[in-house]
Amino acid sequence: NAGVTQTPKFQVLKTGQSMTLQCAQDMNHEYMSWYRQDPGMGLRLIHYSVGAGITDQGEVPNGYNVSRSTTEDFPLRLLSAAPSQTSVYFCASRYSSYSNQPQHFGDGTRLSIL
Amino acid sequence: KQEVTQIPAALSVPEGENLVLNCSFTDSAIYNLQWFRQDPGKGLTSLLLIQSSQREQTSGRLNASLDKSSGRSTLYIAASQPGDSATYLCAVPFSGNTPLVFGKGTRLSVIA
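Thresholds, definitions, all that
- Residues numbered from 1 in each chain as written.
- Chains lettered and ligands numbered in written order.
- Predicted model: local features only at pLDDT ≥ 70, side-chain atom pairs only at ≥ 80, totals over all residues.
- Heavy atoms only, no water.
- Helix = DSSP H or I, 4+ residues; strand = E, 2+ residues; numbered from the N terminus.
- Buried < 20%, exposed > 50% of the residue type's maximum accessible area, 1.4 Å probe, protein only.
- Polar contact = N/O pair within 3.5 Å; in protein donor to acceptor, adjacent residues only side chain to side chain.
- Contact = heavy atoms within 4.5 Å.
- 1 Å grid on protein atoms, 1.4 Å probe; cavity = no way out; pocket = protein on both sides within 12 Å on 5 of 7 lines; lining within 4 Å.
- Points joined across faces, edges and corners; volume = space filled by probe spheres on them.
- Nonpolar A, V, L, I, M, F, W, Y, C, P; charged D, E, K, R; others polar.
- Salt bridge = Lys/Arg side-chain N within 4 Å of Asp/Glu carboxyl O.
- Core = buried A, V, L, I, M, F, W, Y, C linked by side-chain atoms within 4.5 Å.

Turning our attention to the side chain of Gln6 of chain A. Residues and elements named next belong to chain A. Mapped onto the secondary structure, Gln6 falls in strand E1 (residues 4–7). For Gln6, a relative accessible area of 5% gives the class buried. Polar side-chain contacts of Gln6 include one of 2.9 Å to the backbone nitrogen of Cys91. A distance of 3.1 Å separates the side chain of Gln6 from the backbone nitrogen of Gly108, its partner in a polar contact. For Gln6, the residues in contact, after removing those within four places along its chain, are Gln22, Trp34, Tyr89, Phe90, Cys91, Gly106, Asp107, Gly108 and Thr109.

Rendered as structure tokens:
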């Protein structure tokens, strides 16, 4: 059981480039979310999805897009990378809304914007 | 704004000591509370989840308690070991269909 898989693990971009961070889960979880983790700021929610075809913004959505065409996948797109987006990005999933099952996290993508 | 606070930010203890990590939250109507562990450079691993109707949960040397009325949770670690060194985070969904809101964590160092 792979759990939550994030790719790539590391990435360096130049300012203005775009890219997609991939996230896939094999647990048939409805609920998926993206967080960024920065020193002193903790984990902040970027976007989340309660099921295929449904997404919503979190605390820091600017500069990021998401889509949820399947239950398994929840990619995060950086439209035009900026140095302020240098961070560690975590994807997470849980079974559903109103679930008392734990949330699972991927190992993260470490992104540097030059 | 709904917030989760963890104090202290860092803690250093000698091996074998029992210790308590604290978590407080601004809204007592939480759906559940989850404790995570994060090792340096790694993702988050779920340790314990306490449902809003529960008072505590135990897993091995870990015991988490929940007092909704006071907006507090504690994570008790018995007989600490150097392998317990990590950052511990608590998180709550303030309602059943909302994302987790995280505290900034307590960085624990257990000295051999």
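Right, let's talk about the layout of surface pockets for a bit. Its volume calculated, the largest pocket comes out at about 580 Å³. Together, 23 residues line the largest pocket, and Glu59 of chain A together with Lys1, Gln2, Val101 and Phe102 of chain B are the ones closest to its centre. For the lining of the largest pocket, the secondary-structure elements that each account for two or more residues are strand E5 (42–51) of chain A together with strand E1 (4–7) and strand E10 (100–102) of chain B. Broken down by element, the lining of the largest pocket gets its largest block of residues, four residues, from E5 of chain A. Among the residues forming the lining of the largest pocket, the class breakdown is 10 nonpolar, eight polar and five charged. Around the second largest pocket, the lining is made up of 26 residues, and of these Gln37 of chain A together with Gln38, Thr87, Lys104 and Arg107 of chain B lie nearest the centre. Only strand E4 (31–38) and strand E9 (87–94) of chain A together with strand E9 (86–93) and strand E11 (106–111) of chain B provide two or more residues apiece to the lining of the second largest pocket. By residue class, the composition of the lining of the second largest pocket is 10 nonpolar, 10 polar and six charged.

Taking a probe equal in size to a water molecule and rolling it over the atoms shows the remaining empty space. In the structure shown here, the tally under the stated rule is one cavity of 30 Å³ or more. Every residue along the wall of the largest cavity is listed here: Arg94, Ser99, Gln101 and Gln103 of chain A together with Asn32, Gln34, Leu49, Pro93 and Leu100 of chain B. Considered class by class, the residues forming the lining of the largest cavity number three nonpolar, five polar and one charged.

The next subject is the pattern of salt bridges. All names here are of chain A. Counted under the stated rule, the structure contains four salt bridges over all chains. Between Asp38 and Arg44 there is a salt bridge, with the nearest N and O atoms lying 2.9 Å from each other. For the pair shown, Asp38 and Arg44 are each scored as buried. Look at the salt bridges and you will find they share partners, linking Arg36, Asp38 and Arg44 into a network.

The subject of this paragraph is the nonpolar core. Core analysis: the largest hydrophobic core is formed by 23 residues, its most contacted members being Leu33, Trp35, Leu75 and Ile77 of chain B. Mapped onto this core, the elements with two or more residues apiece are strand E3 (19–25), strand E4 (32–38), strand E5 (44–51), strand E7 (62–67), strand E8 (72–77), E9 and E11 of chain B. Setting aside residues no more than four positions away along its own chain, Leu75 of chain B makes contact with Leu19, Val20, Leu21, Trp35, Leu47, Leu48, Leu62, Asn63, Ala64 and Tyr88 of chain B. Grouped together as the second largest cluster of nonpolar side chains are 20 residues, Met19, Tyr64, Leu78 and Leu111 of chain A included.

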